[in-house]
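Breakdown of the fold
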Amino acid sequence: MSANKILMTGNEAIGEAAIRAGVDAYFGYPITPQNELTAYMSHRMLEEGRVFIQSESELAAINMVLGAAVSGKRAMTSSSSPGISLKQEGISYLAAMELPAVIANIVRGGPGLGNIAPAQSDYWQGTRGGGHGDYRTICLGPSTVQECVDLVYLAFDLSDKYRTPAVILADGRLGQMMEPVTFDHLGPPSPPEKPWALTGAKGREQQSIKSLFLDPDVLEELNLRLARTYEKIEQNEVRWDTLQMDDAEVCIVAYGTSARVSKEAMRRARDEGIKVGLIRPISLWPYPYEPIRQAAEKVQFFLVPEMSMGQMIEDVRLAVEGKRPVYHTGRVGGNVSNPKEILDAIRDCCEKV
Amino acid sequence: MPSETAAKKSDKQRGYRRPHALTDAVTHYCPGCGHGIIHRLLAEAMDELGIREKTIAVAPVGCAVLGYDYWRIDVSEAPHGRTPAVATGIKRVQPDKIVFSYQGDGDLAAIGTAEIVHAANRGENICVFFVNNTVYGMTGGQMAPTTLLAQQTQTTPGGRDQVVHGNPIRVCELLENLDGSTYLERVTVSSPANVRKAKRAALKAFRTQMDGKGFSLVEFLSPCPTYWRMSAQKSIKHIDEVLVKVFPPGVIKDQTGQE
Ligand SMILES: Cc1ncc(C[n+]2csc(CCOP(=O)(O)OP(=O)(O)O)c2C)c(N)n1
Ligand code: SF4
Ligand SMILES: [Mg+2]
């Protein structure tokens, strides 16, 4: 049976996937390069009889998400880098209040206002929590439009399962490029029961959802409980893809758009007889340290192409633990490396080791 | 903090009937603080309207942050000032519930100015109970956007100076011009008669929401004896003699169609 395929931008596909995942409410504020997503939701959510608000700011949007989340509903917001900075306060509260929510960051060039071209320079922000306090967020990095669909659907389930916010980290190119996608394989949404939700104290005791714990011992309990949740996520939810790692002497580690470009560079390198393999992290947190650790036993060096001055490379180095050289390559400022630039980097590194 | 049983015992001794929507907890508020009075009148209003079991409140960051300990209803916390945005999120996905935010002047009129203006402008069908005590209570008595000219606070030690610090904000009048706001009233809690009036305003705000008529806000001029550096009695006098001149009580806007 052939799947029903539609041509869509990544931004629209993220929106439709959220709808298939049963998102009850979407709140957003315009920012390029994710506007197609907010625009898509503005009509699709109403068609579905669900909630859409164009909020007055990203601060308001993430807190409307918080309101929908305390109500036990599936809620989502999306933005791009500067807007995500504003959402970080709310994301920290969501994490502390153990609330599920999905936040898509269609990353653009930075810091500051930067530009509207694609970048991967929010990796630290997306994978380290980003806001204040001791917390993490699930962070998923798609590299195709189809994967945008699949990971958004997954993000809702994971975020409900672990009661913690989940971030989709995609760059502006993925958001705006079109590819054929299918939604046929996605089952009906299956959110869990949420007895903790604030629905009015009818026939039960009142309940509240909060993050203020003035007694250090009580806050410590929350911190420890969150840490246990994060440990479970690290045990169960690590996702990655590998390509031609069996005979690889060189290992590229790349995610998102950089992984796509790397594949072409890899093909050309193999034509030249350089045995290059690829590890592509799909969950950026929890990070696939293990396959990289194993690769460090056999490859000569690692190359990490990123559309940043080197953020994910720190995770690669954590996995490699100094056993092999780890090199960075990439373009920044909203530029995307082409395969030749990555191929050149592979050649240069081969000479160095 | 005295135990709950002690609270109940002292209620009994004083012949005090606690509204069902109020828990047995003894509040952490300073003697003479207005928050406790306002909590109680809101609780009475919820009881009278029979809406306790379907009401969800959003507590502010401010002295009333522990509101969830005092009302026997579901309560969410909100980041400082984002209270109306959280209330919006709750109400939009649970339109059959009664949703209110309870906010101080710092929460509502400084850091949360954008959120309150836009919640009102969208005509969100929520109630906002706005406690104007002209100061930041929780953080130790700094200047609020509502601080009176010449009022001394921790950050206006020489008194609020218009040139340096700007002017007190009149929130009801600010929101009045927005087409989305339905009912705006300013009340005080400075005497039993005024408290009854304040409760009538709260009832009206709840009814406005129950009728689906949109955004309402009740502003309470409320004493903060601690940071006004006044006795409880003097604080009450200060409301009646000074505050009302800058923040005149009364109905600022009423498009509810109720009497
Ligand atoms: C983002 C942020 N900034 C500042 C604070 C510190 N803070 C807590 S309460 C408050 C002001 C409270 O004043 P108000 O809203 O008037 O309430 P009151 O205590 O007077 O009732 C401030 C500034 C905070 N918690 N979060
Ligand atoms: S500081 Fe002021 S507002 Fe806060 S509890 Fe004390 S009297 Fe009330
Ligand atoms: Mg105040």
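Residues numbered from 1 in each chain as written. Chains lettered and ligands numbered in written order. Predicted model: local features only at pLDDT ≥ 70, side-chain atom pairs only at ≥ 80, totals over all residues. Heavy atoms only, no water.

1. Considering the overall build of chain B
Helices and strands together make up the secondary structure of chain B, namely 11 helices and 9 strands. For 259 residues, the compact-globule estimate of 2.2 N^0.38 gives 18 Å, and chain B sits close to it at 17 Å. Principal-axis analysis of the C-alpha atoms gives chain B an extent of 50 × 50 × 35 Å. Across the 259 residues in chain B, those meeting the buried criterion constitute 58%. (Helix = DSSP H or I, 4+ residues; strand = E, 2+ residues; numbered from the N terminus. Rg over C-alpha atoms; globule rule 2.2 N^0.38 Å. Buried < 20%, exposed > 50% of the residue type's maximum accessible area, 1.4 Å probe, protein only.)

2. Examining the packing of helix α3 (residues 58-70) of chain A against helix α4 (residues 81-96) of chain A
Residues and elements named next belong to chain A. Closest axis-to-axis distance for the α3/α4 pair is 8 Å, and the angle between their directions is 25°. What the angle tells us is that α3 and α4 run roughly parallel. Viewed along their axes, α3 and α4 form a crossing whose handedness is right-handed. For the pair α3 and α4, contact is made by Glu58, Leu59, Ala61, Ile62, Asn63, Val65, Leu66 and Ala69 and by Gly83, Leu86, Lys87, Glu89, Gly90, Ile91, Tyr93 and Leu94, respectively. Per-class residue counts for the contact of α3 with α4 are 10 nonpolar, 3 polar and 3 charged. (Axes fitted to C-alpha atoms, helices over the stretch in contact; angles between N-to-C directions. Parallel < 35°, antiparallel > 145°, perpendicular 65-115°, else oblique. Left-handed = near helix turned anticlockwise from the far one by under 90°. Contact = heavy atoms within 4.5 Å. Nonpolar A, V, L, I, M, F, W, Y, C, P; charged D, E, K, R; others polar.)

3. Thoughts on the nonpolar core
Within the largest apolar cluster, 124 residues are counted, with the highest numbers of intra-cluster contacts made by Met41, Phe302 and Val316 of chain A together with Phe215 and Leu217 of chain B. When residues are assigned to domains, this core turns out to be shared by domain 1 (6-189 + 213-236) and domain 2 (241-352) of chain A, each giving three or more. The contact partners of Val316 of chain A, leaving out residues within four places of it in the chain, are Val253, Tyr287, Ile292, Phe302, Val304 and Val326 of chain A. Leu49, Ala57, Ile98 and Val187 of chain B belong to the second-largest nonpolar core, a separate cluster that totals 40 residues. (Core = buried A, V, L, I, M, F, W, Y, C linked by side-chain atoms within 4.5 Å. Domains from an automatic or database assignment.)

4. Observations concerning the sheet that holds strand β9 (residues 250-254) of chain B
Strands sit in the order β9(A)-β2(B)-β1(B)-β3(B)-β4(B)-β8(B)-β7(B)-β9(B) across an open sheet of 8 strands; the sheet is mixed. Of all the strands in the sheet, just β9 (208-209) of chain A together with β9 of chain B have a single pairing partner and so form its edges. Relative to strand β2 (residues 74-77) of chain B, strand β1 (residues 55-59) of chain B runs parallel, the two sharing 4 bridges. By the bridge assignment, Ile56 of chain B is partnered in β2 of chain B with Asp74 of chain B. With respect to the sheet, helix α4 (residues 83-93) of chain B is in contact with β1, β2 and β3 (98-104) of chain B, its orientation differing from that of β3 of chain B by roughly 175°. Against the sheet, helix α9 (residues 192-210) of chain B engages β3, β4 (127-132), β7 (181-188), β8 (215-221) and β9 of chain B, with an angle of about 165° to β7 of chain B. (Pairing = 2+ DSSP bridges.)

5. Details of α4 of chain B
Burial runs high along α4 of chain B: 10 of the 11 residues are buried. When we look at burial in α4 of chain B, the residues that qualify are Thr83, Pro84, Ala85, Val86, Ala87, Thr88, Gly89, Ile90, Lys91 and Val93 of chain B.

6. Section: the packing of aromatic side chains
Residues and elements named next belong to chain B. Considering all chains together, one arrives at 12 aromatic pairs over all chains under this definition. Their ring planes at 65° and their centres at 5.4 Å tell us that Phe100 and Phe129 sit as a pair that is edge-to-face. Residue Phe100 is found in strand β3, and its partner Phe129 is found in strand β4; the two are separated by 29 residues along the sequence. Put simply, the rings of Trp71, Phe100, Tyr102, Phe129, Phe206 and Phe220 pair up and form one aromatic cluster. (Phe/Tyr/Trp six-rings, centres within 6.5 Å; stacked < 30°, edge-to-face > 60°.)

7. Some thoughts on the confidence of the model for chain B
Within chain B, residue pLDDT values average 95, and 97% of them lie at 70 or more. Interface confidence for the predicted complex, given as ipTM, is 0.97, next to a pTM of 0.97. (pLDDT = per-residue confidence, 0-100.)

8. Re the site of ligand 1
Neighbouring residues of ligand 1: 17 residues in total, closest His35, Cys63, Asp105, Asp107 and Gly137 of chain B. More than one chain lines the surroundings of ligand 1; the residues nearby belong to chains A and B. Within the backbone of Asp107 of chain B, an N or O atom sits 2.8 Å from an oxygen atom of ligand 1. Protein chains bury 77% of the 590 Å² of accessible surface belonging to ligand 1 in isolation. Of all elements in the fold, only α5 (105-111) and β5 (135-136) of chain B reach the threshold of two or more residues within the shell around ligand 1. The element that contributes the greatest number of residues to the shell around ligand 1 is α5 of chain B, accounting for 4 residues. Tallied by class, the residues present in the shell around ligand 1 amount to 6 nonpolar, 8 polar and 3 charged. (Near = heavy atom within 4 Å. Polar contact = N/O pair within 3.5 Å; in protein donor to acceptor, adjacent residues only side chain to side chain. Areas by Shrake-Rupley, 256 points an atom, 1.4 Å probe, with all protein chains shown as cover.)

9. As for the coordination of the magnesium ion (ligand 3)
All names here are of chain B. Protein-derived coordination of the magnesium ion (ligand 3) comes from Asp105 (OD), Asn133 (OD1) and Val135 (O), at a distance range of 2.1 to 2.4 Å. Counting along the primary sequence, the residues that act as donors to the magnesium ion (ligand 3) give the motif D-x27-N-x1-V. Like Asn133, the residue Val135 is buried in the burial classification. (Donors = N, O, S within 2.8 Å, 3.2 Å for Na, K, Ca; no water.)

10. What about the interface of chain B and chain A?
Often, the extent of an interface is quoted as the loss of accessible area upon association of its parts. Facing 35 residues of chain B, the contacting portion of chain A comprises 36 residues. Between chain B and chain A, the buried area comes to about 2,600 Å², and carbon and sulfur atoms account for 58% of it. Taken as a group, Asp74, Glu77 and Val93 of chain B account for 23% of the area that chain B buries against chain A, more than any other trio of residues on that side. Summed over the shared surface of chain B and chain A, the result is 3 salt bridges. Seen at the junction of chain B and chain A, the total is 18 residue pairs in polar contact (both at pLDDT 80 or more). (Buried area = accessible area lost by both parts, 1.4 Å probe. Salt bridge = Lys/Arg side-chain N within 4 Å of Asp/Glu carboxyl O.)

11. Overview of the environment of Ser101 of chain B
Residue and element names in this part refer to chain B. Along the chain, Ser101 turns up in strand β3. The class of Ser101 is buried, set by a relative accessible area of 0%. Measuring from C-alpha to C-alpha, the distance between Ser101 and Ala119 comes to 11 Å, with 18 residues separating the pair along the chain. Among the polar contacts listed, one links the side chain of Ser101 to the side chain of Gln103, at a separation of 2.9 Å.

12. Looking at the sheet that holds strand β10 (residues 240-243) of chain A
Residues and elements named next belong to chain A. Taking strand neighbours across the sheet as the criterion, the 5 strands line up as β10-β12-β11-β14-β15 in an open arrangement whose pairing is mixed. Edge positions in the sheet fall to β10 and β15 (326-329), since each of these pairs with one other strand and no more. Direction aside, the axes of adjacent strands within the sheet are offset by 20° on average. Each of β11 (250-253), β14 (301-305) and β15 is contacted by helix α11 (residues 313-320), which is oriented at about 170° to β15, the strand it contacts most. Running at roughly 155° to β14, helix α12 (residues 339-352) makes contact with β11, β12 (276-281), β14 and β15 of the sheet.

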